[in-house]
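The primary structure of each chain is shown beneath.
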Amino acid sequence: MRIPHYLIRTASGLYTFRLRVPLSLRPLLGLQVIKRALRTADTRQATIDALDLASRYARLFMEIERQGMRKKLTPENVQRSVAEHGMRPYELDLSTGRLKVDGPEDHALAMDALSKIGAVSFLPRQDLPPSPAPTVAEELTMRQARDAWLKSITPSTTKKTLTIKASAIDGLVKFIGAKRKLHTLTRVDLAKWYQHLRDEQIATPTLTNKQSYIGGRNGFFAWAMASGYYPQGSNPAAGHIAYSANEKRKRKKFGFKAFTVEQIQTLYHPANFAKLSFHARWACLLGLYTGARVSEIGQLRLLDIMQIDGIPCLNLTDDGDHQSLKTGASARVVPIHPHLIELGFLDHVESLIKANESELFPKGKQDAINGRGNWITKAFGNYLKKVTADWPPAKRGFHSLRKTVIQEMQGKGVASEMRAQIVGHELDDEHHAVYSREFTPQEKLNGVSSTAFNSPGLRAISFIESTRQAITVLLQNPRSETIDMLFKN
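By convention here, each chain's residues receive numbers from 1 onward along its written sequence. In keeping with the predicted nature of the model, local features appear solely for residues at pLDDT of at least 70, side-chain atom pairs appear and are counted solely at 80 or more, and the whole-chain, interface and lining totals rest on all residues. Computation of side-chain values: all heavy atoms of the structure, hydrogens and water removed.

Draft legend 1. Focus on the overall build of the protein. Each helix and strand counted, the protein has 23 helices and 10 strands in total. Per-residue accessibility, obtained with a 1.4 Å probe over protein chains only, is compared with the maximum for each type, and a residue is labelled buried under 20%, exposed over 50%, and partly exposed between these values. Within the span of the protein, comprising 489 residues, buried residues form 46% of the whole. Only heavy atoms matter for contacts: two residues are in contact if any of them lie within 4.5 Å across the pair. In the protein, of all internal contacts separated by at least 6 residues, the share reaching a separation of at least 24 is 65%. By element, 51% of the accessible surface of the protein is carried by carbon and sulfur atoms, the whole surface being about 26000 Å². A helix here means a DSSP run of H or I that spans at least four residues, while a strand means a run of E at least two residues long, and both kinds are numbered starting from the N terminus. The Shrake-Rupley method, run with a 1.4 Å probe, gives the accessible areas here. Residue values count only the displayed protein chains as cover.

Draft legend 2. Representation of the nonpolar core within the structure. One finds Tyr268, Leu285, Phe345 and Leu360 to be the most contacted residues of the largest nonpolar core, which totals 58 residues. Only α11 (261-267), α13 (278-290), β7 (311-316), α16 (345-354), α17 (374-387), α18 (398-411), α19 (416-423) and α22 (468-476) provide two or more residues apiece to this core. It is α13 that contributes the most residues to this core, 9 residues altogether. Among residues more than four places away in sequence, those in contact with Tyr268 are Phe273, Cys284, Leu285, Leu288, Leu401, Ile464, Thr467 and Ile471. Ala145, Ile169, Ile214 and Tyr230 belong to the second largest nonpolar core, which has 31 residues in total. Nine residue types can take part in a nonpolar core, namely buried Ala, Val, Leu, Ile, Met, Phe, Trp, Tyr and Cys, and a core is a set of them joined through side-chain atoms within 4.5 Å.

Draft legend 3. View of the side chain of His339. As for its placement among the helices and strands, His339 is situated in helix α15 (residues 338-342). A distance of 3.4 Å separates polar atoms of two side chains, one belonging to His339 and the other to Arg468. Discounting chain neighbours no more than four positions away, the residues touching His339 are Tyr289, Ser462, Phe463, Glu465 and Arg468. Here a polar contact is recorded for every N or O atom pair within 3.5 Å, except that within protein the pair must consist of a potential hydrogen donor and a potential acceptor, and residues adjacent in sequence are included only if both atoms are side-chain atoms.

Draft legend 4. Focus on the sheet that holds β7. Any two strands are treated as partners once DSSP identifies two or more bridges connecting them. Strands sit in the order β6-β7-β8 across an open sheet of 3 strands; the sheet is antiparallel. Since the sheet does not close on itself, it has two edges, and those belong to β6 (305-308) and β8 (332-335), each with one partner. For this sheet, the mean inter-axis angle between neighbouring strands, taken without regard to orientation, is 45°. Bridging between β6 and β7 involves 4 bridges; their strand directions are antiparallel. Residue pairing in the sheet places Gln307 in a bridge with Pro312 of β7. Structural elements are reduced to axes, namely lines fitted to C-alpha atoms, with helices fitted over the stretch in contact, and the angle between N-to-C directions of any two is expressed from 0 to 180 degrees.

Okay, here's the thing in structure tokens:
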């Protein structure tokens, strides 16, 4: 579990709460940083205490700023008002949340002076005033919110994913309480839930998934805020779980492996490739020359194959029934590689159109529980078992094709912005995400060469050079018995 940025561990092993005072309030408060010893070495308790303190100080800062909009709050006029009430200038100590005064009488006078100029009263932590009731369009119980959210995502979510998301929100509802009002939940409530999951020995990958479903960009709380059921602001369920450096290394080590050049030659050797069904062959070729996700390939419609500015392209979208995408960046246009055209892909599409089909893979189930690409995953997985028995152990699957394409583009010098737009990745660099433009299909295919930007395009990658003609024969003779005869010798 990632430790919040405002929680630090001292050399003694005990935790300390540390929070920077907003720049606009530093002159008034005379402080740049708030520090508070938490007197515990327990990460769970320290995390909860730190989140609690952060929430409370945030409310106080907002109240000061709100009051400051009505009255000019400066150290001078605060001190002047206090002096007018017979007190010497005071010091404000946020580490304890108290005014440094000489006794109860001075304390009462200080509170009265502060109230007269509209300043907030700083109280000890345990006596901080409750937050004002948040404003929402409609108050829902957790059970009502759960039902409404799942109903809203059902049309665009596969059965398998819907089941997983339902499990995540059901776990939160059970922990928080079905009758608890959604708008009353705080970041501390979510921190306690995540810690509860940790205590249940749930692994980080599963926790990360649950966090994405509940606190992600398109998750439960994002929906609740957009719908007016939860106050606008920071997402209380986001940012709690992250992979440690060690966990990241392990995931990279045990994740899907890209195929080597030799392995690609083996997989796409006509004698081996013939073991795949006709439609699975086209799916695997699309994976090899686009780097698209298996679900994106499995849900392609014939109308998603189009010409844009004279370039044959795949339009990866979620506009159709039973179509869905992983992220916003997944919606993209990918030029069709010339090798696919040489293999007869456009002719294959034309034959499907003449047969009055609407899907690129007509036999794929539109309502498959595990998604439209599940049959491709299974077909390729079974194929790997047949032809990779003597390969070194590694995690391999259809996703390995995606990694192969990405690494091949990287090796050919295709720029990261170009690669991201071709394979549908989010740009991690905020500068690139904001200022990069969308490349045209022509540029994605052939590259860009200018004084400001230089990069090859998708055409730079090349596979199955020596066997392409034989594979074309395979694709023109889909019946397995014909293929057996072709490669009998």
